[in-house]
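Coordinates in review
Chain by chain, the residues run as shown.
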Amino acid sequence: MSNPIEGGKEYEDITWAFQGRHVPEEVTDELARARSKFKPFNSAHEGYAVILEELDELWDVVKLRHDSPERTAKMREEAIQVAAMAMRVIIDVCDRRKA
């Protein structure tokens, strides 16, 4: 199923819910947790460094044996953290610069 979007383009309908979990909500929750625990990013360089650290942690999990029982859950957790930190760069660095 496809849906029209701006400019007449279409995209495939994405099912964000998986096994009762809603991905955007999980990313937003992780973002809120990080914002309550750590100060805003001071620069794009800091944001990049944090994303790179999270991406390296994801890569470490990706390299685990495919039959490792914790691999899929840990990979999902790390991917959510990467997404949350990307959102944080937008909020703390990009949008703050506009204000």
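Note: the structure precedes this text.
Thresholds applied
Residues numbered from 1 in each chain as written. Predicted model: local features only at pLDDT ≥ 70, side-chain atom pairs only at ≥ 80, totals over all residues. Heavy atoms only, no water. Core = buried A, V, L, I, M, F, W, Y, C linked by side-chain atoms within 4.5 Å. Buried < 20%, exposed > 50% of the residue type's maximum accessible area, 1.4 Å probe, protein only. Helix = DSSP H or I, 4+ residues; strand = E, 2+ residues; numbered from the N terminus. Contact = heavy atoms within 4.5 Å. Salt bridge = Lys/Arg side-chain N within 4 Å of Asp/Glu carboxyl O. Lys, Arg positive; Asp, Glu negative; His and termini not counted. Expected span 1.5 Å × (residues − 1). Arc of directions from axis to C-beta.

1. Side note on the nonpolar core
In terms of nonpolar packing, the biggest core is built from ten residues, these being Val 27, Leu 31, Ala 34, Phe 41, Val 50, Ile 80, Ala 84, Met 85, Val 89 and Val 93. Among the secondary structure elements, those contributing two or more residues to this core are helix 1 (23-37) and helix 3 (71-98). Apart from residues no more than four positions distant in its own chain, Ala 84 is found in contact with Val 27, Glu 30 and Leu 31.

2. Concerning the pattern of salt bridges
The full count for this structure, using the stated rule, is seven salt bridges. Between Asp 67 and Arg 65 there is a salt bridge; the shortest N-O distance is 2.9 Å. Exposure class is identical for Asp 67 and Arg 65. Each is exposed. The partner of Asp 92 in a salt bridge is Arg 88, and the shortest N-O contact between them spans 2.6 Å.

3. Quick word on the side chain of Arg 71
Examined against the element boundaries, Arg 71 turns out to sit in helix 3. Despite its burial, Arg 71 pairs with no opposite charge, the nearest such side chain being Asp 67 at 8.2 Å. Other than its neighbours up to four places away in sequence, Arg 71 contacts Val 61, Val 62, Leu 64, Arg 65 and His 66.

4. Brief notes about helix 1
For helix 1, spanning 15 residues, the distance from its first C-alpha to its last is 21 Å, which sits close to the expected 21 Å at 1.5 Å a residue. Those residues of helix 1 that sit buried are Val 27, Glu 30, Leu 31 and Ala 34. Projected down its long axis, helix 1 shows its buried positions confined to an angular sector of 100 degrees, all on one face. Opposite the buried face of helix 1, by more than 90 degrees, sit the exposed residues Glu 25 and Ser 36.

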